[in-house]
Amino acid sequence: MIAECRAQGRVLKRDFLVQCGRSMELFPGVREWFGRINAFGESLGVEVEHYVLSSGLKEIIEGTPIAKEFKEIYAASFCYDEHGVACWPAMAVNYTSKTQFLFRVNKGVLDVTEHRALNEFMPEEKRRVPFSNMIYVGDGLTDVPSMKLTKLNGGHSIAVWQENEGVSNEMLLEGRVDFAVKADYSKGSEMEKTVFAVIDQIAASAKISAKENIIRYPARRFIPIELFLLLQRTTPPAAHGTA
């Protein structure tokens, strides 16, 4: 992107990328989604946190009207010179590196510059967010490893589709995800019903675990649910690159 802008005589600045995010079209119901999900979780005694894991640009995501809803945005980004012009990639995120961020949330090591704590052994009972309390929502091939990892560790994976449900249903049949639903986040949508059902299940499991933990881990606190939501509407073929 930097080379292409230079070739065209254009200046690639952070402000420009952020501005691109402000004009981004979102999926139906996304703007109101967070309030409804948070309120539902609170009604069950559950604290809900939202994160983004994306192969897209962090600067663009930060420019969207929903950026403030996320605890962390893990995405590709640039380094900038003294004039605010992009000069070098600061971070690249692909289908393999996305799984790293799942473990960061799992262990509570959210700072991307902290590697030692991320790779040190940590007993399951001391991890901030168990995988069983995670919901990962993705729309493309770059999400497959993370969705599979979440599912294998007791979490919940949801594949969403825009117009063609073929790929999502294929992943469902192959056991890579738990659900395949249309990317509609409106009130009463299949997406909302699915997430509500999963949160309800997690809350019920937490109540049982809490009684068991009184004996096994008396100091262990309640673990919040993590939602990895695909919130960006893109046009093919770019759709596979956002999560």
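Residues numbered from 1 in each chain as written. Predicted model: local features only at pLDDT ≥ 70, side-chain atom pairs only at ≥ 80, totals over all residues. Heavy atoms only, no water.

Visitor: Where do I start with the overall build of the chain in this structure?
Guide: From N to C terminus, the chain includes nine helices and seven strands. Out of the 243 residues in the chain, the part that is buried amounts to 48%. Contacts in the chain between residues far apart in sequence, at least 24 positions, make up 58% of those at least 6 positions apart. (Helix = DSSP H or I, 4+ residues; strand = E, 2+ residues; numbered from the N terminus. Buried < 20%, exposed > 50% of the residue type's maximum accessible area, 1.4 Å probe, protein only. Contact = heavy atoms within 4.5 Å.)

Visitor: Honestly, the environment of C87 in this entry has me stumped. Any pointers?
Guide: Within the secondary structure, C87 sits in strand β3 (residues 86-91). Taking the relative accessible area as the measure of exposure, C87 reaches 31% and is therefore partly exposed. C-alpha of C87 to C-alpha of L12: the two residues are 75 residues apart in sequence and 8.6 Å apart in space. Setting aside anything within four residues of it in sequence, one finds C87 in contact with I2, R6, C79, Y80 and D81.

Visitor: Looking at this structure, how should I read the confidence of the model for the chain?
Guide: Low-pLDDT portions of the prediction should not be read for the details of their coordinates. Residues at a pLDDT of 70 or more form 87% of the chain, whose mean pLDDT is 85. Mean pLDDT in the chain bottoms out at strand β7 (residues 225-228), which sits at 44, and peaks at helix α4 (residues 58-62), which reaches 96. In this model residues 217-243 is a low-confidence stretch, pLDDT under 50, and it forms 101 contacts with partners more than four residues away in sequence or in other chains. (pLDDT = per-residue confidence, 0-100.)

Visitor: Looking at this model, I keep getting lost on the nonpolar core. Mind explaining?
Guide: Taken as a class, soluble globular proteins show a tendency for nonpolar side chains to be buried jointly. By size, the foremost hydrophobic cluster in this structure holds 29 residues, and its most contacted members are I158, V160, Y185, M191 and V195. Of all the secondary-structure elements, those providing two or more residues to this core are α3 (30-43), β1 (48-57), β2 (72-80), β4 (134-138), β5 (156-161) and α9 (190-216). Broken down by element, this core gets its largest block of residues, seven residues, from α9. In terms of nonpolar packing, the next biggest core, distinct from the first, is built from 18 residues, Y51, L53, L102 and L149 among them. (Core = buried A, V, L, I, M, F, W, Y, C linked by side-chain atoms within 4.5 Å.)

Visitor: Would you mind going over the packing of aromatic side chains with me for this structure?
Guide: The geometry of an aromatic ring pair is captured by two quantities: the separation of the ring centres and the angle between the planes. Applying the stated rule across the entire model yields six aromatic pairs. An angle of 90° between the planes, with centres 5.4 Å apart, marks the rings of F34 and F70 as edge-to-face. Linking F34 in helix α3 with F70 in the loop between α4 and β2, this pair joins segments that are 36 residues apart in sequence. For the residue pair F34 and F70, the accessibility class agrees, reading buried in each case. With 4.0 Å between their ring centres and 10° between their planes, F40 and F196 make a pair best called stacked. (Phe/Tyr/Trp six-rings, centres within 6.5 Å; stacked < 30°, edge-to-face > 60°.)

Visitor: It is not clear to me how the pairing of β4 should be interpreted in this structure. Could you clarify?
Guide: Successive residues of a regular strand alternate their side chains across the two faces of the sheet. In terms of burial, β4 is a largely internal element, five of the five residues being buried. Burial along β4 is two-sided: the residues M134, Y136 and G138 and I135 and V137 are all buried. Sheet topology note: the β4/β5 ladder contains four bridges and is parallel. Of the residues in β5, the one forming a bridge with I135 is H156. Following the chain from β4 across helix α7 (residues 144-152) to the adjacent parallel β5, one finds a crossover that is right-handed. (Pairing = 2+ DSSP bridges. Right-handed = clockwise from strand over helix to strand, strands pointing away.)

Visitor: Before we go on, may I ask you to explain the side chain of D143 in this structure?
Guide: Within the fold, D143 resides in the loop between β4 and α7. Using a relative accessible area of 0% as the deciding quantity, one classes D143 as buried. A distance of 2.8 Å separates polar atoms of two side chains, one belonging to D143 and the other to K98. (Polar contact = N/O pair within 3.5 Å; in protein donor to acceptor, adjacent residues only side chain to side chain.)

Visitor: What exactly am I supposed to notice about the side chain of R104 here?
Guide: Mapped onto the elements of the fold, R104 is located in helix α5 (residues 98-107). Of the side chains with opposite charge, D111 lies nearest to the buried R104, which makes no salt bridge, at 6.3 Å. Here the side chain of R104 touches E114 through a polar contact of 2.9 Å, landing on its backbone oxygen. For R104, the residues in contact, after removing those within four places along its chain, are Y74, V109, L110, D111, V112, E114, H115 and L118. (Lys, Arg positive; Asp, Glu negative; His and termini not counted. Salt bridge = Lys/Arg side-chain N within 4 Å of Asp/Glu carboxyl O.)

Visitor: Looking at this structure, I do not really get the packing of α5 against α7. What am I missing?
Guide: Between two packed helices, the angle of one axis relative to the other and the distance separating the axes together describe the packing. Two numbers describe how α5 lies on α7: the axes approach to 8 Å, and their chain directions differ by 35°. Every pair of crossing elements has a handedness; the one defined by α5 and α7 is right-handed. Across the interface between the two elements, K98, T99, L102 and F103 from α5 touch P145, S146, L149 and T150 from α7. For the contact of α5 with α7, the residue count by class is four nonpolar, three polar and one charged. (Axes fitted to C-alpha atoms, helices over the stretch in contact; angles between N-to-C directions. Left-handed = near helix turned anticlockwise from the far one by under 90°. Nonpolar A, V, L, I, M, F, W, Y, C, P; charged D, E, K, R; others polar.)

Visitor: Is there a simple way to think about the pattern of salt bridges in this case?
Guide: Oppositely charged side chains may form a pair once their charged atoms are brought near each other. Counted under the stated rule, the structure contains seven salt bridges. The partner of R116 in a salt bridge is E120, and the shortest N-O contact between them spans 3.2 Å.

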